[in-house]
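Chain by chain, the residues run as shown.
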Amino acid sequence: MKRYSAFAIAREAANYHQGWERAWAKRAPKKRYDAIIIGAGGHGLASAYYLGKNHGITNVAVLEKGWLGGGNTGRNTTIIRSNYLQDPSAAIYEKARSLYETLSQDLNYNVMFSPRGVIMLAQTHHEVRGYQRTAHANALQGVKTEWIGPERVKQLCPIMNIEGPRYPVLGGLWQARGGTARHDAVAWGYARACSDMGMDIIQQCEVTGVTSEGGKVTGVQTSLGDIGCNSLGIVVAGHSSHVAEMAGFRLPIESVALQALVSEPIKPCMDVVVMANTVHGYMSQSDKGEMVIGGGTDGYNNYTQRGSFHHIEETVRALIETFPMISRLKMLRQWGGIVDVTGDRSPILSKTPLEGCYINCGWGTGGFKAIPGSGFGFAELMAKGYSPLTAEFGMERFREGRFIDESVAAGVAH
Amino acid sequence: MSFRLPSGGRLIDRTSELKFTFNGRIMRGFAGDTLASALLARDQMLMGRSFKYHRPRGVVASGAEEPNALMNIGEGGRFEPNQRATTAELFDGMAARSQNHWPSLEFDVGAINAKFARFLPAGFYYKTFLYPRHFWKYVFEPIIRQSAGLGAAPKEADADTYEHFYAFCDVLVVGGGIAGLMAARDAAADGKRVIVLEQNGHWGGRAPVDGAVVEGKPADEWVSVTLQALEANDNVTLRDRCMGAGVYDHGYVLGYERITDHAPANDVPRHRLWRIRAGHVVTATGALERPLSFAGNDLPGVMLASAVRDYVVNHAVAPGKRTVVVTNNDDAYRTAEVMVNAGLSVPAIIDARPSVDEALISKFSDLGVEVKVASAIAKVKGKDRVTGVAICAQDSNGSVSTTIECDAVAMSGGWSPVVHLWSHCGGKLTWDEDQAMFRPDPNRPPTNQTGEGFVSVVGWANGEIDQGDIAPVWIMPQGASIETRNKMWLDFQNDVKVSDVQLAAQEGFESVEHAKRYTTLGMATDQGKLSNINGLAVLADALDTGIPQVGTTTFRPPYTPISMGAIAGEARGEIFQPLRRTPMHAWHEKNGAHWEPVGHWRRPYCFQQPGESVEDAVNREITNTRTSLGLLDASTLGKIVVKGPDAGKFLDMLYTNMMSNLKPGKCRYGLMCSENGFLMDDGVVARIDEDTWLCHTTTGGADRIHAWMEDWLQCEWWDWKVWTLNLTEQFAQVAVVGPNARTMLETLGGMDLSAQALPFMGWADGKIGDFNVRVYRISFSGELSYEISVPASEGLAFWEALMEAGEPFGITPYGTEALHVMRAEKGFIMIGDETDGTVIPQDLGLNWALSKKKEDFLGNRAHSRSHMADPTRWKLVGLETVDGSVLPDGAYAVADGHNENGQRNMIGRVTSTYYSPTLDRGIAMGLVLHGPDRMGEVLAFPRVDGTVAYARIVSPVFYDPEGEKQNV
């Protein structure tokens, strides 16, 4: 693999960049792999990457029905934070956030992690108490967060209206090392690194069945033929229930549309990420200048990757209330992704009833920020059968009633 | 140079001159001008700078697809960035500024980027800025952010208002051109209710510009006659300046009407969002012309052929004195004809097609225009403006045969139907090889709730385009070198070139979505209207596959950007969300209420007296209530009537307690759990009569619990005979609390309120003074307490009567904080404090409320799950700081050591913490590992600042543990 650098660009410029090689190789599937990951989104690619990097397992294929990074990895609002309340969540999201800090260098691919800081606004007394609790928990979990007052909020984000009238800002939970990253680049960077380790990333390859023998997984049937494997990781987000059914088990997952939208680009006016859960909306400004906006999920299940207008209306209304100046910006485009939501809105990283088959899903509305930590933990689970990062996220928790519920701290969206 | 022609201009009114400013310079135009046409008339071809290289940019189109001529328009609260000069209708006093340059449009420091363009190919930023690590955040990114963005950020709140209209129709026609008007006429003739939307301020689309004849009449005349007939029909609604913005599931369509953008006014909304439910949608949205890709095609002065024609015919503005036309189809010849007829020079038509109809060639030869067949533009000459074109053979590598001087180039790469609205909700496209375009596939329309197609397409939008034989020419010349391809622009705003798309393909970004995201092709504010098809064709060629195999990116709403203000509509500021007020709200406001938002309500947190702090007020309210008398407005508590033969059975399922055996006249405190066993709400239930119960809920829970009841009744137990009604707002409720409560009420006269007549946990209807009341003997404070409910209309009068009668007792109204402290002193739990969605009744010592007599209730099964029955669940205790201070809210108790993930081991947390004026010390409730078994033990609660608070585990009931005060 040719390393990327300013010098490499200068060198290639001489030849009008006709010398650059493919970012990831295009290969036909082999007959058999040590491990197969279904789903070349961020989580699937990161899982493959850490299988190779941390556990030396490189005879790996990542199978993708469409184009890599084309699901929720390429559709989210790119917010990264780890100010979660419950221990297991704080552990995996903080692992992810800390891996993001050096991900560009690790992958030799600029994923543009930008720790510009995340404020979660408190606009009711209930939220104030919730975030103060989170701040206490975070201090003990090794997550650097801070409760700040309304003046500091205004200072960090001058375009915000903190005075109401309907919901004055009472303060916020501030995570200075939270921020954003370039979502596509995360998928592409991992894909390139995986390919460089000799892994096969096979796009346009739909899995149509899972084969097993004596309760143990033996491979998958695909649109490109049967492929054998010793272990299988299912990492397919909104389509998890569908693939799990092929592997013979059911999941406590519902798939719903989550929407986002962007404005036309404007000159920089907002340095931080702001999440306002009372009014239901969050916003940041991309490096391109677009205001990137998200809100709650649609209230009904679907798979169409488009949502209703009504949620856009509610979200925009909430954000105009918070940032009056955006009233005169224009919505450039809206889109939707299908998120897989569990009963406690926390993910599943788990062994399954089928031996050798593992599942990583249920990230719901908050998966992007977790990608490196999710891959790190899931690779360890697949390689060793146990990971402290994923231990609490087993699917048996729904049978045991051992939920990891973040709703008290995260409100509608996380 | 560009200039105004001495005569003509079908849309302008030369008698009405308008003054406007551009970059501070005063200019004049005519009514009917767009900002773009008015600027062109003043030889202002340079209108902006591109996004990445800050290249000089002139206007290229005449409509919504314009990527270059974007302006900051307006001032103060009416400032808005990124407005298309081509669709901004000129008005007197318009203040426009160009964007994305510093210090000026003519001299832009950012243009230095263009010098380094060779080092800045598609996706260069993924390959560099990697070291040193912190430079990304502190150096590279700030520079990139500053040079990116387009228009300026608005600084002030919006001075305008917006509104939503809701409409229903049988047929919605989007597009008021000939095809759209015909469709509307046909539907109206069938007796259908019809709405027609036209995005421009004028009807008829392209036909009048192109001199079309419709049903024997000139287009303008036909349009005017047809509009008159439609206007006369009561079933037809016509809206101009109203764009079809998006098509959603089940025939839901958004129309975006711009009411005052062309004529600012204070007394009407600026934009109106039409929310239309249509039985059928007809899109007559026309087509957009494509540019051609040749070196230097981005220079100011290179424009779409149709746009050149529009400016000449509609506004009498000529983009240049000598205009070279370059094309791969017949349509651009119309432009040449229009120019010649207007007395302008067209030195040549460069036609890339290998052969052209002889009749066409000779017709133009007669007009003095040379047609160069099988030819291409090798390069546009000029620096900030076109000065000429170098010509070569299309089928060559670009060796120049001749050079033609000119000051404008009119290009046409053929037409693409506007298929956006067809595609928004899943309509599929088919590639028409002959016409080189994607058109709607009539066999795969977007489908409605019954599986039938609900959108159809007519006219040019359907691919019925009059462009002659088109040659699929995607780059010019065919064999152009990499140096040349590096100068061919696809996306003018984002600076994406042919070489960039080819680089994406070379690096494996083969999916059209990958190529788009890697190069940013089609992600500019025109959303690829101008450039996408050309980009797809280049990508297909690079991948050695067909255009239909590459496919298109997804078409997303809106068709063109719509204002956030219009999306939000009227609901902003005070009416952002409805504010719910109790009947006593105004009294509270007048009497020092310090408000707290609770759901959509405002409740008084406390009532401050002059000179008093919030804390002092709370303490005074508590002490006064405990020692004499207090009054709480409890109207916001949910009041849901549950009635019917099966109501008892239903409530037994809903509550963990038994409610069916409650006697009429009695009250019972009940708990509700979710199916997962978690405590979700609590409140007092009163049995009114044999088949009627009244369920009190928490303030925040009223609507949720009502919906929860209906969910079960409608989805699961739909055959149970139970009806529910949320009466929360029908009754005002006042808690009269304190040792003097009974004495005070008795001074008003009326019903017997003695302990014998109305014992604790009983209720009765009767009269107090002149008021018809229902009185509940319940207490959330631990004091003698009557919760009295009156019709909402009498709430204020009743409250005032109580205040008056209470005066001799020193009555005080109290707020939510006093309520909270008093319940905590009594060890009563509060939903949302002691519960957070993860707590079960057993954690709170509420096992007594879980009925053992019932077969089942919601949550019962969940409570038997292993983790729910786990003895290590944290349990409710009271907490007292060792030094009497108040424990920090939300603090955690720690044990020694760390868990596997390096987090401190935690063994409990504070759920409520207050200063108790009654005990004059801090009191708290908390959930602690093995808590009830550890009475007297001292726990450490680290504060966020690193210091530690120490608290002793005690009983959660701090005040009157025997309950003597409430039951008297």
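Basis of the calculations
- Residue positions are counted from 1 within each chain, in the order its sequence is given.
- For this description, chains carry letters from A and ligands carry numbers from 1, given in the order in which they are written.
- The model is predicted, so local features are restricted to residues of pLDDT at least 70 and side-chain atom pairs to those at 80 or more, both for listing and for counting; the totals for chains, interfaces and linings are taken over all residues.
- Only hydrogens and water are removed before side-chain values are computed, so all heavy atoms of the structure are retained for them.
- UniProt positions are given in the numbering used here, feature names are shortened, and annotations may be inferred rather than shown by experiment.
- Only DSSP runs of H or I with at least four residues qualify as helices, and only runs of E with at least two residues qualify as strands; both kinds are numbered from the N terminus onward.
- Here the globule rule reads 2.2 Å times residues to the power 0.38, and the radius of gyration is calculated from C-alpha atoms.
- Three labels apply to residues, based on accessible area from a 1.4 Å probe with only protein chains included: buried if under 20% of the type maximum, exposed if over 50%, partly exposed otherwise in between.
- Residue ranges assigned to the domains are those given by an automatic or database domain assignment.
- For this analysis, residues touch if any pair of their heavy atoms sits within 4.5 Å.
- Two parts placed together each lose some accessible area; with a 1.4 Å probe, that loss summed over both constitutes the buried area.
- Note on definitions: salt bridges are taken to be side-chain nitrogens of Lys or Arg within 4 Å of carboxyl oxygens of Asp or Glu.
- Whenever a nitrogen or oxygen atom comes within 3.5 Å of another N or O atom, the pair is scored as a polar contact, on the condition that within protein one atom can donate a hydrogen and the other can accept it, and that pairs from neighbouring residues in sequence are kept only if both atoms are in side chains.
- Patches draw on residues past 30% relative accessible area with no salt bridge. Two like charges within 9 Å are joined, as are two nonpolar side chains (Val, Leu, Ile, Met, Phe, Trp, Tyr) within 5 Å.
- Only the protein chains shown count as covering a residue, and every accessible area follows the Shrake-Rupley method with a 1.4 Å probe.
- Two residue types count as positive, namely Lys and Arg, and two as negative, namely Asp and Glu; His and chain ends fall outside the count.
- Every charge is mapped to an atom, namely NZ of Lys, CZ of Arg, CG of Asp or CD of Glu.
- For two strands to pair, DSSP has to find at least two bridges joining them.
- Only the stretch in contact is used when a helix axis is fitted, and all axes are lines through C-alpha atoms; the angle between N-to-C directions ranges over 0 to 180 degrees.
- Buried Ala, Val, Leu, Ile, Met, Phe, Trp, Tyr and Cys residues that are joined via side-chain atoms within 4.5 Å together make up what is termed a nonpolar core.
- Under the scheme applied here, ten amino acids are nonpolar (Ala, Val, Leu, Ile, Met, Phe, Trp, Tyr, Cys and Pro), four are charged (Asp, Glu, Lys and Arg), and all others, including Gly, are polar.
- For a helix, the expected span equals 1.5 Å multiplied by the number of residues minus one.
- The rule is short: rings of Phe, Tyr and Trp, with Trp giving its six-membered ring, pair when the centres are within 6.5 Å, and they are stacked under 30 degrees, edge-to-face over 60, tilted in between.
- Cation placement over rings: the criterion is NZ of Lys or CZ of Arg within 6 Å of the ring centroid and within 35° of the ring normal.

As annotated in an unreviewed UniProt entry, chain B is Aminomethyltransferase from Thalassobacter stenotrophicus. One UniProt comment on chain B, placed under Sequence similarities (unreviewed entry), says "Belongs to the GcvT family."

For chain A, an unreviewed UniProt entry supplies the name Sarcosine oxidase subunit beta and the organism Thalassobacter stenotrophicus.

**What about the overall build of chain A?**
Of regular secondary structure, chain A possesses 12 helices and 18 strands. Over its C-alpha atoms chain A spans a radius of gyration of 21 Å, differing by no more than 12% from the 22 Å that the globule rule assigns to 414 residues. Judged by the C-alpha coordinates and their principal axes, chain A covers about 65 × 65 × 40 Å. Counting over 414 residues, chain A shows a buried share of 71%.

**Side note on the domain arrangement of chain A**
Residue and element names in this part refer to chain A. Domains assigned within chain A are domain 1 (29–82 + 84–91 + 183–252 + 345–400) and domain 2 (118–181 + 255–342). On the side of domain 2, 34 residues touch domain 1, which itself brings 30 residues to the contact. Across the interface of domain 1 and domain 2, roughly 2,600 Å² is buried in total on both sides, 54% from carbon and sulfur atoms. In this structure, the connection of domain 1 to domain 2 is made through 0 salt bridges. Taken together, the connections running from domain 1 to domain 2 amount to 15 residue pairs in polar contact (both at pLDDT 80 or more). Every element with two or more residues in the side of domain 1 that touches domain 2 is listed here: strand E3 (79–80), helix H3 (87–101) and helix H11 (397–400).

**Points about a positive patch on the surface**
Residues and elements named next belong to chain B. A contiguous patch of positive charge on the surface is contributed by Arg118, Lys379, Lys381 and Lys487. For Lys487, the position within the fold is in the loop between helix H11 (482–485) and strand E31 (489–491). Of the residues examined, Lys487 reaches a relative accessible area of 39% and is grouped as partly exposed.

**Regarding the sheet that holds strand E7 (residues 80–84) of chain B**
Residue and element names in this part refer to chain B. If you trace the 5 strands from one edge of the open sheet to the other, you get E3-E2-E8-E6-E7, paired in mixed fashion. Unpaired on one side and paired on the other, strand E3 (25–31) and E7 mark the two borders of the sheet. Averaged over all adjacent pairs, the angle separating strand axes in this sheet is 40°, with direction ignored. Looking at chain direction, strand E6 (residues 70–73) and strand E8 (residues 94–98) are connected through 3 bridges and run antiparallel. By the bridge assignment for E8, Ile73 is matched with Ala96.

**Examining the UniProt feature "domain: GCVT N-terminal" (unreviewed entry) in chain B**
Cross-referencing UniProt, the feature "domain: GCVT N-terminal" (unreviewed entry) maps to residues 584–854 of chain B in the present numbering. Within residues 584–854 of chain B, the helical portion is 27% and the strand portion 29%, while the C-alpha atoms at the span's ends are 41 Å from each other.

**What about the nonpolar core?**
Counting residues in hydrophobic clusters, the biggest one holds 203 residues, and the most contacted among them are Tyr190(A), Leu35(B), Leu172(B), Ile276(B) and Phe294(B). Here this core takes 8 residues from helix H7 (residues 183–196) of chain A, the largest share from any one element. Sequence-distant contacts of Ile276(B), that is, excluding residues within four places in its chain, are made with Ala167(B), Cys169(B), Leu172(B), Ile195(B), Leu197(B), Gly251(B), Tyr252(B) and Val253(B).

**Here's the deal with the UniProt feature "domain: Rhodanese" (unreviewed entry) in chain A**
Taking the UniProt record as the reference, the feature "domain: Rhodanese" (unreviewed entry) is found at residues 36–79 of chain A. This span, residues 36–79 of chain A, is 32% helix and 18% strand, and a straight line between its end C-alpha atoms measures 29 Å.

**Thoughts on the interface of chain B and chain A**
Note on interface size: it is often stated as the accessible area lost on association of the parts. Contacts between the two partners involve 128 residues from chain B and, on the opposite side, 115 residues from chain A. Taking both partners together, chain B and chain A bury about 10,700 Å²; carbon and sulfur atoms supply 54% of that area. It is Tyr126(B), Arg145(B) and Met564(B) in chain B that bury the most area against chain A; as a group they hold 8% of the surface buried on that side. Linking chain B with chain A are 14 salt bridges. Between Glu510(B) and Lys26(A) there is a salt bridge, with its nearest N and O atoms 2.8 Å apart. Summed over the shared surface of chain B and chain A, the number is 70 residue pairs in polar contact (both at pLDDT 80 or more). Of the residues that constitute the side of chain B that touches chain A, the class distribution is 55 nonpolar, 39 polar and 34 charged. The sheet contact formed by strand E16 (residues 330–342) of chain A and strand E33 (residues 562–563) of chain B spans 2 bridges and is antiparallel. Within E33(B), the position partnered with Met331(A) by the bridge is Ile562(B).

**Side note on unusual backbone geometry**
Following Gly164(A), the chain continues to Pro165(A) via a peptide bond in cis, the omega torsion being 15°. Tyr131(B) connects to Pro132(B) through a cis peptide bond whose omega is -15°. Inspection of the secondary structure assignment puts Pro132(B) in the loop between helix H3 (124–127) and helix H4 (135–147). Positive phi is not limited to glycine here, since Asn82(B) has a value of about 60°. With relative accessibility at 1%, the residue Asn82(B) sits in the buried group. Although it is not a glycine, Asp544(B) adopts a positive phi angle of roughly 60°. Note that Asp544(B) resides in the loop between helix H14 (532–542) and helix H15 (547–550).

**Section: the UniProt feature "domain: FAD/NAD(P)-binding" (unreviewed entry) in chain B**
Per the UniProt annotation, the sites labelled "domain: FAD/NAD(P)-binding" (unreviewed entry) are residues 170–422 of chain B. Strand forms 36% of residues 170–422 of chain B and helix 23%; the C-alpha atoms that close the span are 17 Å apart.

**Remarks on the pairing of strand E38 (residues 667–673) of chain B**
Residues and elements named next belong to chain B. In terms of burial, E38 is a largely internal element, 5 of the 7 residues being buried. In the sheet, E38 pairs with strand E39 (residues 679–689) via 7 bridges, with the strands oriented antiparallel. Counted as the bridge partner of Cys673 is Leu679 from E39. Counting the residues that bridge the hairpin from E38 to E39 gives 5 residues, and of these Gly677 lies at a positive phi of roughly 90°.

**Some remarks on helix H10 (residues 371–384) of chain A**
All names here are of chain A. Taking 1.5 Å of rise per residue, the 14 residues of H10 would be expected to cover 20 Å, and the 20 Å separating its terminal C-alpha atoms lies within 8% of that figure. Among the 14 residues that make up H10, 11 are buried, leaving the element largely enclosed by the rest of the structure. Turning to H10, its buried residues are Ile371, Pro372, Gly373, Ser374, Gly375, Gly377, Phe378, Ala379, Glu380, Leu381 and Met382. Positive backbone phi, approximately 85°, marks Gly385, located one or two places after H10.

**Looking at the packing of aromatic side chains**
Tallying each qualifying case throughout the model produces 41 aromatic pairs over all chains. Each ring, one from Tyr93(A) and one from Trp363(A), has its centre 5.8 Å from the other, and the planes form 85°; the classification is edge-to-face. One end of the pair, Tyr93(A), is in helix H3; the other, Trp363(A), is in the loop between strand E18 (357–361) and H10, and 270 residues separate them in sequence. Residue Tyr93(A) shares its accessibility class with Trp363(A), and that shared class is buried. Geometry around Tyr959(B) places Arg626(B) over its ring, the cationic atom sitting 3.9 Å from the centre.

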